[in-house]
Amino acid sequence: MTAPPGPAPAAEVLAIVDLETHFPLNRGTLKAVEGVSLTLRAGETLCVVGESGSGKSVTARSILNIVKPGRIVGGHIWFRPDAVIGAGNGNGPAIDLCALDPDGPRLRAIRGARIAMIFQEPMSALSPMHTIGQQIIEAVRLHRAMDKQEARARAIELLRQVQFREPETAIDRYPFQLSGGMRQRALIAMALSCQPQVLIADEPTTALDVTTQAEILSLIRSLQQRYGMAVLLVTHDMGVVAEMADRVAVMQGGRVIEHGPVDAVFRAPREAHTRRLIEAARLLERRGDRAAGTPAGGPGQAPILSVRGLCLAFRGTTGFLRRRATAVHALRDVSFDVAPGEALGIVGESGSGKTTLARALLGIHRVDAGQARFRRADGSLVDLCARQGYADRSLYAEIRMIFQDPFAALNPRQTVEQIIAEPLRIHRLCQRSGIGDRVAALLRDVDLSADVMDRYPHAFSGGQRQRIGIARAMATNPRLVVADEPTSALDGSLRAQILDLLLELRNRLGLSIILISHDIGVVRYFCERMAVMRQGELVEIGASDQICDAPRHPYTAELLAAVPRAGPRHARLRDPDAAGPD
Amino acid sequence: MLTRSGDAAPRGPRRPTGTESPWALVWGRFRHHRLALVSGVILALLYLSAIFAEFLAPGDPQAYNARYTFAPPQSIHLLDRDEDGSLVFRPYVHGYAVTVDPEAMRRTFAIDPDKKHPLRLLGRSEPYLLMGFIPMQRKLLTIEGQGTPLLLLGADRLGRDVLSRLIIGTRVSLSVGLVGVVLSLAIGLVVGGLSGYHGGLLDLVVQRVIEFLRSVPTIPLWMGLAAALPRDWPPLTIYFAITVILSLVGWTELARVVRGRFLALKTEDYVTAARLDGASDLSLVFRHMMPAFSSHIIAAASLAIPAMILAETSLSFLGLGLQAPIISWGVLLQEAQNLRSVATAPWLLWPAAAMIVAVLAMNFLGDGLRDAADPYAT
């Protein structure tokens, strides 16, 4: 159900007026939200979009006053429990949620029952010690007088509504037995247990694969129509906004800089920042400027890396008394070639074995069978996956890795100079006195100023850290770079910047790159060829454009269909009968 | 997430943002732990008094005087009346009036208000060696008049000054903890580090050995080991033997902490990154892993010191640890084993009070350090 097109405005179920939320810091305060005003009408979807640090999550959390250690220092949040779709403004009393005691019984009665919330990381929002059934039953019984049998029946019904297969057995599963998407469904079931008027979803799909993301979003949409809920969706992804929103509010620096109906915002954004966000999302719908990066010697040249029949299984035992050997086959007979100067993308959902592949190529995981022949600078061939593959440490200078999480991959106790100089020092690639100059040059290559050298990583944002990680990878003038999800921890607009930086470096240095991503858009933007992985197998490999235009394997088609497009016109999740503006 | 973003980094005119070293960040967090800070000051004072013990102790800790058996504490009077009746600042203590009950042969002490013994700061004293090698002739506080005792915390069974003995005992009691922890830290780091970093069979064996050692009840173990020490060893040798015995059990805990940190760090991305930089195992351990938990180790060690101190005290109290003429708090407390002496001379329990203060201060300090140890955790 979208906002009714008629002139009668829907009742405002939630009105945020001049909200200010501050966080105490060691010195001074962080004004996370500064004077935000928003309204949410019954039955509509309002998307709050912005980059990380823009205050969008804090705004959402302020509604239920769960912002500790922060504090709401000003403004009102009016909640009208009796507002319904199609009526004028409800005539019942409005409650100011900010005025209620954050730990008091009145706010507790609203949390979960009237206004429910789902979070980005469902694993940390669920208790690992209880089955999902126990947790849903508890949520049901907290606000409704029901005995255990009724509550269990209701929990099964809820799980069925969120499209659990076999809800009768799934109810007794523990959260760790479920996939990320299933956990998010369980969390949604819990949020729906009391049929709330408002559902607040804080980046509900950011931790999920594209295909799962599409399923969860369409689930939220269908449940919204069924229950007539208002949904406040917090996201950084303009693609999600285009799929879901009736209205959009764009936040930057703790303020709402633009808001309005989704079509108006997408068609004619007023603010430059909004335009940037939309462009960044659209960028990945096409191919990047990789014309210059076509393999130097053409396809006829001998491959720099030739992988044949890689197999790897993680073995373990389960059971306490009856030990059973288990094996997870992370790689099954994986074979491909990488030509010199080529960028090969590897796409797949999480669990498809793509990160294992990267780590096997770098000698971190030992393979069971197969080989990966790498042609070194002097023309000799070496098998990277053999036991003695990296016995010659200078090989580490020719093959480099870029890590997914820029927060974890930099040693917090070393300065940027020490971090980037480490490979230079180890491989003795330059004179001791010249290290400073070389690091400065590398920093300039990744568009960072050279005077950040003596800072520690904690002083940098995620995007800047990823640049430092790239500089470290480039320090040894490598010939092959394995980039494991280099952009998935970053916001949309940063994503494109980092990819462009990598493209430019690649074209300039003639690198071969293996880019691993769950996002088929990223791979299409970056790579000439792509390989699609599923459950440890390569199901399809070929030219990127060809695969994207005419996928041969149904799984590839599924991946492609799941990518949200950054324009409400393309949104495919809306029901065809809900007449959209187009 | 917010506090990590660039906007949240505190801005100040002092130095460019982000150049604070990790230790500066640890100190920044530690400063906010008021209790730990106060404890740190108390401990600093305690260790200073252990170093300058001879200078601070008003008397000779070994000098006995049968006339003053179980003499009660004197109190210091700061102000005195001049001949003309005006008040002047001239600290003094009253002398004792001793009466002997002829039937019970028990001495009773009363304060004699007529006898006034003036006190002097930095007055001359018998020559002595500070820390055993610096000849000195002045003490912090001396009493004027030959043969009159200064017993600010009373006297023990042999008429020895409890305060002087308490101060001298600080040296042994507090250093046993330090030496013991340094020893156990050395063993713990090597064994725990190998176990955690290498893993596999070695880890399995080491962990089972640690579990075995920890399952042995400590007091009987110490008693057995201490009883095996030859009685004719010189006191200093006994002292070191006791610290070794204490650390033989103490290292297990530290080894576990070290192993845990190694296991956690081994899979950190930045350690993997350093490995892919081509770093050798030694460089991985010393450049990338050790700095990440050195503050944790300091915290764990500072929490292990009080256990050592308590262990020394219990052993000495039981008569199995240090023996007179070495003076430690535990040895002093041996005097308080007898209920009757405690009843007549409760001031013999002062070493226990000193110990409680020291142990509490160490625990608070250790807590503060542990909380501040990881400046990058959110």
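Computed from a predicted structure; not experimentally measured.

Peer 1: Lay out the overall build of chain B in plain terms, naming residues and giving numbers.
Peer 2: Each helix and strand counted, chain B has twelve helices and six strands in total. Within chain B, buried positions represent 35% of all 378 residues. Of the contacts formed within chain B by residues at least 6 apart in sequence, a portion of 70% connects residues at least 24 apart.

Peer 1: Let's hear about helix α12 (residues 350-372) of chain B: which residues, and what values?
Peer 2: Residues and elements named next belong to chain B. With 23 residues, α12 ought to run about 33 Å at 1.5 Å a step, and its terminal C-alpha atoms sit 33 Å apart, in line with that. If you check which residues of α12 are buried, you get Trp350, Pro351, Met355, Ala358, Ala361, Met362, Phe364, Leu365, Gly366, Gly368, Leu369 and Ala372. The inward-facing, buried residues of α12 contact α1 (22-30), α2 (34-51), α4 (162-198), α9 (281-317) and α10 (329-334).

Peer 1: I'd like a rundown of the confidence of the model for chain B, residues and numbers included.
Peer 2: Of the residues in chain B, 93% have a pLDDT of 70 or more, and the chain-wide mean is 79. This model gives residues 1-14 of chain B a pLDDT under 50, and the stretch forms 26 contacts once residues within four places in sequence are excluded.

Peer 1: Let's hear about the packing of helix α4 (residues 132-143) of chain A against helix α7 (residues 180-192) of chain A: which residues, and what values?
Peer 2: Residues and elements named next belong to chain A. Here α4 crosses α7 at 20°, and the two axes come no closer than 8 Å. Here α7 runs roughly parallel to α4, going by the angle between their axes. Remark: the crossing between α4 and α7 carries right-handed chirality. Of the residues in α7, those in contact with Ile132, Gln135, Ile136 and Ala139 of α4 are Ala186, Ala189 and Met190. Grouping the constituent residues of the contact of α4 with α7 by class yields six nonpolar, one polar and no charged.

Peer 1: How would you summarise the pairing of strand β10 (residues 255-261) of chain A if you had to cite specific residues and measurements?
Peer 2: All names here are of chain A. Bridging between strand β9 (residues 247-252) and β10 involves six bridges; their strand directions are antiparallel. What sits directly across from Arg247, in β10, is Pro261. Where β9 hands over to β10, the hairpin turn is made up of two residues, of which Gly253 adopts a positive phi near 55°.

Peer 1: Tell me about the sheet that holds strand β3 (residues 45-49) of chain A, and name the residues and values.
Peer 2: Residue and element names in this part refer to chain A. Pairing is mixed in the open sheet, where six strands are placed in the order β6-β7-β8-β3-β9-β10. Since the sheet does not close on itself, it has two edges, and those belong to β6 (115-118) and β10, each with one partner. The mean inter-strand angle of the sheet, taken between neighbouring strand axes irrespective of direction, is 15°.

Peer 1: Residue-level account of the domain arrangement of chain A, with values.
Peer 2: Taken domain by domain, chain A holds domain 1 (122-193) and domain 2 (291-564). Inter-centroid distance (C-alpha atoms) of domain 1 of chain A to domain 2 of chain A is 38 Å.

Peer 1: Now, about the domain arrangement of chain B: what can you tell me, with residues and values included?
Peer 2: All names here are of chain B. Taken domain by domain, chain B comprises domain 1 (39-51 + 165-372) and domain 2 (54-160). Once you take the C-alpha centre of each, domain 1 and domain 2 turn out to be 37 Å apart. Contacts between the two partners involve 15 residues from domain 1, matched on the other side by twelve residues from domain 2. Elements that contribute at least two residues to the side of domain 1 that touches domain 2 include exactly α2, α4 and α11 (339-344). The dominant element in the side of domain 1 that touches domain 2, judged by the number of residues it contributes, is α4, at four residues.

Peer 1: I'd like to hear about the sheet that holds strand β1 (residues 12-24) of chain A, residue by residue, with values.
Peer 2: All names here are of chain A. Judged by pairing direction, the sheet is antiparallel, and its four strands sit side by side in the order β2-β1-β4-β5 without closing on themselves. In this open sheet, the two strands that pair with only one neighbour each are β2 (29-41) and β5 (95-96). Relative to strand β4 (residues 71-79), β1 runs antiparallel, the two sharing seven bridges. Bridge pairing links His22 to Arg71 in β4.

Peer 1: Outline the pairing of strand β7 (residues 198-202) of chain A, supporting the account with residue identities and numerical values.
Peer 2: Residue and element names in this part refer to chain A. Burial analysis of β7 places five of its five residues in the buried class, which makes it a mostly covered element. Burial of the side chains of β7 extends over both faces: Val198, Ile200 and Asp202 are buried on one face and Leu199 and Ala201 on the other. In this sheet, β7 lies alongside β6 in parallel orientation, the contact comprising four bridges. By the bridge assignment, Ile118 is partnered in β7 with Ala201. Handedness of the crossover is the feature at issue here: the chain leaves β7, passes through helix α8 (residues 210-227), returns alongside strand β8 (residues 230-235), and the resulting connection is right-handed.

Peer 1: I'd like to hear about the nonpolar core, residue by residue, with values.
Peer 2: Counting residues in each nonpolar core, the largest one holds 251 residues, and the members touching the most others are Val198, Val241 and Val482 of chain A. With 15 residues, α9 of chain B is the largest single contributor of residues to this core. Other than its neighbours up to four places away in sequence, Val198 of chain A contacts Val13, Leu14, Leu40, Arg114, Ile115, Met229, Ala230 and Leu232 of chain A.

Peer 1: Please provide a residue-by-residue account of the confidence of the model for chain A, values included.
Peer 2: Residue and element names in this part refer to chain A. The pLDDT averaged across chain A works out to 83; a share of 89% of its residues lies at or above 70. Scored below 50 in pLDDT, residues 1-8 makes 16 contacts in the model with residues more than four places away or belonging to other chains. Low pLDDT, under 50, characterises residues 572-582; the stretch is placed with eleven contacts to residues that sit more than four places away or in other chains.

Peer 1: Could you give me a rundown of the environment of Gln161 of chain A, with the residues and numbers involved?
Peer 2: All names here are of chain A. If you trace the backbone, Gln161 turns up in helix α5 (residues 148-161). Put simply, Gln161 and Ala557 are 396 residues apart on the chain and 27 Å apart in space, counted from C-alpha to C-alpha. Among residues more than four places away in sequence, those in contact with Gln161 are Leu192 and Leu223.

Peer 1: So what about the packing of α8 of chain A against helix α20 (residues 554-562) of chain A? Which residues, and what values?
Peer 2: All names here are of chain A. Closest axis-to-axis distance for the α8/α20 pair is 8 Å, and the angle between their directions is 55°. In terms of axis orientation, α8 runs oblique to α20. The two elements α8 and α20 meet at a crossing, and its hand is left-handed. Of α20, the residues touching α8 (which contributes Val210, Thr211, Gln213 and Ala214) are Glu558, Leu559 and Ala562.

Reading the values: the criteria
Residues numbered from 1 in each chain as written. Chains lettered and ligands numbered in written order. Predicted model: local features only at pLDDT ≥ 70, side-chain atom pairs only at ≥ 80, totals over all residues. Helix = DSSP H or I, 4+ residues; strand = E, 2+ residues; numbered from the N terminus. Buried ≥ 20, exposed ≤ 12 C-beta atoms within 10 Å, placed from the backbone. Contact = placed C-beta atoms within 7 Å. Expected span 1.5 Å × (residues − 1). pLDDT = per-residue confidence, 0-100. Axes fitted to C-alpha atoms, helices over the stretch in contact; angles between N-to-C directions. Parallel < 35°, antiparallel > 145°, perpendicular 65-115°, else oblique. Left-handed = near helix turned anticlockwise from the far one by under 90°. Nonpolar A, V, L, I, M, F, W, Y, C, P; charged D, E, K, R; others polar. Pairing = 2+ DSSP bridges. Domains from an automatic or database assignment. Right-handed = clockwise from strand over helix to strand, strands pointing away. Core = buried A, V, L, I, M, F, W, Y, C linked by C-beta atoms within 7 Å.

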